[in-house]
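Below, each chain spelled out in residue letters.
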Amino acid sequence: MTEERDRDARHRARQEFEKRTVFTEIVNLFSLVGFLYGALDEELPFREAVRKQFEKPVCFYRTKLESNLLACLGGIAFLLYLFLLGTGILLLLYYRPTTAEAYSSVVEITNRVPYGWLIRGIHFWAANLMIVTVLLHMMRVFFTAAYRPPRDVTWVNGMMLLLFTFAFGFSGYLLPWNQISYWATTVGTDSMSAIPVVGDTLKYLVRGGDVVGQLALTRTFAFHVVILPALMLLFMVLHFLMIRRQGIADPL
Amino acid sequence: MAQPEPRERYDRYGSEPFFPNHVIRQSIQFVLLFALLILLSSLVPAPMLPKADPFDTPEYVKPAWYFLGAYQFLKVSEKLGFLGPWAPKVIGILAQGLGAMVIWFLPFWDRNPERHPYRRPTAIRAGIAFVFFFLIMTIWGYFS
């Protein structure tokens, strides 16, 4: 009896939520493909989980405008990552990762492909702005001491994200295969060999040989478009789950 | 460290539902960022440089701006050559690696319970010094 009443109450809460947030249409759309109603939903309550996530409030600092603005930096970095993902996929449709063709394909993207210059420009600018926002976000967290326990793991996770961002920058720099990218990568991998013990092996692994050549381009390409985006997404999800679980740090 | 109950935190600091309030806020940011990116890439297009030539070393090779600081640090540490031929690069790399590790594990050794900047002057001074060091190294690297 009580069980039935519980189910009724939950059903009503759900309906009310969906009505209030204009969420009904989306739910109905998903129900067409059998995702949110029926046997699967009985066993794995997706709707319940989605509703919980969507209804869970997001904290913000009511009193201090400046801390609110500063708290946006991480979110802006994430939005820039989304831009990079989107434009990166579009660039991938035309880019050819070989030493003979890489440069000419970038020229083709810029000059011949419709809106190619814009897609490449957005990728270029979003990449630079992402590094700026990530560094500013890190400074904000440091100067407000938001990294203190229990948010210490979030900080270490964020340092991984910073490392991946720099790795993105380093690997993406070689891909246009122009003079600066070629020689900067040569010098950059050269300074890797100064790392004690593993330096020379690391340099050899990144270059795939004694000099920067086709293998180096293949490897940086693989890193830039497959390995790093996946790693980055994984660590971003962890970062956001931890923030969602603990909320933002107390105001000062 | 005791955490206030979530419900209590929301009441104290103000909160909004994730959907639709927060999602709308993020969407506005998304559109504004899109406008900024279109503006920037129209006014200052991504650079188009000559094709890579392995047989033609340019006179000055510089990395991307975010690596300039680290690169300049390596170049400066080459002045330590009087310690031996191994010294410059190993010291340049180790010092930076050590610095990175110190920042990486910051929450595990910074046990000061205070959070307000005025009540932890040492950490704030060290942080500002670090930021300025990075900026100066980057600018120096840019102009050298």
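What counts and what doesn't
- Residues numbered from 1 in each chain as written.
- Chains lettered and ligands numbered in written order.
- Predicted model: local features only at pLDDT ≥ 70, side-chain atom pairs only at ≥ 80, totals over all residues.
- Heavy atoms only, no water.
- Helix = DSSP H or I, 4+ residues; strand = E, 2+ residues; numbered from the N terminus.
- Rg over C-alpha atoms; globule rule 2.2 N^0.38 Å.
- Buried < 20%, exposed > 50% of the residue type's maximum accessible area, 1.4 Å probe, protein only.
- Contact = heavy atoms within 4.5 Å.
- Areas by Shrake-Rupley, 256 points an atom, 1.4 Å probe, with all protein chains shown as cover.
- Lys, Arg positive; Asp, Glu negative; His and termini not counted.
- Charge placed at Lys NZ, Arg CZ, Asp CG, Glu CD.
- Salt bridge = Lys/Arg side-chain N within 4 Å of Asp/Glu carboxyl O.
- Polar contact = N/O pair within 3.5 Å; in protein donor to acceptor, adjacent residues only side chain to side chain.
- Nonpolar A, V, L, I, M, F, W, Y, C, P; charged D, E, K, R; others polar.
- Pairing = 2+ DSSP bridges.
- Core = buried A, V, L, I, M, F, W, Y, C linked by side-chain atoms within 4.5 Å.
- Domains from an automatic or database assignment.
- Expected span 1.5 Å × (residues − 1).
- Patch = residues over 30% accessible without salt bridge, like charges linked within 9 Å, V, L, I, M, F, W, Y side chains within 5 Å.

## Considerations on the overall build of chain B
- Within chain B, the secondary structure is distributed over six helices and one strand.
- Written out in order from the N terminus, the α and β elements of chain B read α-β-α-α-α-α-α.
- By the compact-globule yardstick of 15 Å for 144 residues, chain B is too spread out, its C-alpha radius of gyration being 23 Å.
- With respect to the principal axes defined by its C-alpha atoms, chain B has extents near 65 × 45 × 25 Å.
- Taken across its 144 residues, chain B has 29% of its residues classed as buried.
- Of the contacts formed within chain B by residues at least 6 apart in sequence, a portion of 45% connects residues at least 24 apart.
- Summed over all atoms, the accessible surface of chain B reaches about 9,700 Å², with 72% contributed by carbon and sulfur.
- Chain B carries 14 positive and 10 negative side-chain charges, and their two centres are separated by 4 Å.

## Notes on the overall build of chain A
- From N to C terminus, chain A includes 12 helices and one strand.
- Ordered by position from N to C terminus, the α and β elements of chain A give α-α-α-α-β-α-α-α-α-α-α-α-α.
- In chain A, buried positions account for 43% of the 252 residues.
- Contacts in chain A between residues far apart in sequence, at least 24 positions, make up 64% of those at least 6 positions apart.
- Carbon and sulfur atoms form 69% of the exposed surface of chain A, whose accessible area is close to 13,600 Å².

## Here we look at the pattern of salt bridges
All names here are of chain A.
- Per the stated rule, a full pass over the model turns up six salt bridges over all chains.
- In this structure, the salt-bridge partner of Arg207 is Asp190, at a minimum N-O distance of 3.7 Å. Residue Arg207 is located in helix α11 (residues 199–207), and its partner Asp190 is located in helix α10 (residues 179–192); the two are separated by 17 residues in the primary sequence.
- Residue classification places Asp190 among the partly exposed positions, given a relative accessible area of 32%.
- Overlapping salt bridges, with partners in common, bring together Arg96, Glu101 and Glu108 in one network.

## Let's talk about the interface of chain B and chain A
- Residue-level contacts link 74 residues of chain B with 79 residues of chain A.
- Here chain B and chain A share one salt bridge between them.
- Between Asp110(B) and Arg148(A) there is a salt bridge, and its shortest N-O distance comes to 2.9 Å.
- Counting every contact that joins chain B to chain A gives 22 residue pairs in polar contact (both at pLDDT 80 or more).
- Looking at the side of chain B that touches chain A, the elements that each hand over two or more residues are α1 (6–13), β1 (15–17), α2 (18–43), α3 (65–76), α4 (87–104), α5 (106–109) and α6 (121–143) of chain B.
- In terms of residues, the side of chain B that touches chain A owes the most to one element, α2(B), which gives 15 residues.
- Of the residues assigned to the side of chain B that touches chain A, the class counts are 47 nonpolar, 12 polar and 15 charged.
- With three bridges joining them, strand β1 (residues 57–59) of chain A and β1(B) adopt antiparallel strand pairing.

## As for the nonpolar core
- Formed by 38 residues in total, the largest nonpolar core has its most connected members in Met130(A), Trp155(A), Met232(A) and Leu37(B).
- When contributions to this core are tallied by element, the ones reaching two or more residues are α6 (73–92), α8 (116–143), α9 (152–174) and α12 (214–246) of chain A together with α2 and α4 of chain B.
- Considering every element that reaches this core, the biggest residue donor is α8(A), with 10 residues.
- If we ignore the near neighbours within four places in the chain, the residues touching Met232(A) are Tyr81(A), Met130(A), Leu161(A), Phe164(A), Thr165(A) and Phe168(A).
- Judged by nonpolar contacts, the second largest core, of 18 residues, contains Ile119(A), Leu174(A), Trp177(A) and Ala216(A).

## A short note on the domain arrangement of chain B
- Per the domain assignment, the segments of chain B are domain 1 (16–45) and domain 2 (65–143).
- The C-alpha-based centres of domain 1 of chain B and domain 2 of chain B are spaced at 34 Å.

## Some details on α6(A)
- A rise of 1.5 Å per residue sets the reference length of α6(A), with its 20 residues, at 28 Å; its end C-alpha atoms lie 28 Å apart and thus fit the reference within 8%.
- Residues of α6(A) that are buried: Leu73(A), Gly74(A), Ala77(A), Leu79(A), Leu80(A), Tyr81(A), Phe83(A), Leu84(A), Thr87(A) and Leu91(A).

## As for the environment of Leu106(B)
- Relative to the helices and strands, Leu106(B) resides in helix α5.
- Among the residues examined, Leu106(B) registers a relative accessible area of 6% and is labelled buried.
- Residues Leu106(B) and Ile124(B) lie 18 residues apart in sequence; the distance between their C-alpha atoms is 13 Å.
- Those residues in contact with Leu106(B), other than ones at most four positions away along the chain, are Phe142(A), Tyr147(A) and Trp155(A).

## As for a negative patch on the surface
- Where like charges cluster on the molecular surface, the negative patch consists of Glu3(A), Glu4(A), Asp6(A) and Asp8(A).
- Along the chain, Glu3(A) turns up in helix α1 (residues 2–20).

## So, the side chain of Thr133(A)
Residues and elements named next belong to chain A.
- As for its position among the elements, Thr133 is in helix α8.
- Thr133 gets classed as buried once you look at its relative accessible area, which sits at 9%.
- Side-chain polar atoms of Thr133 contact the backbone oxygen of Met130, separated by 3.0 Å.
- Residues in contact with Thr133, not counting those within four places in the same chain, are Leu73, Ile76, Ala77 and Leu80.

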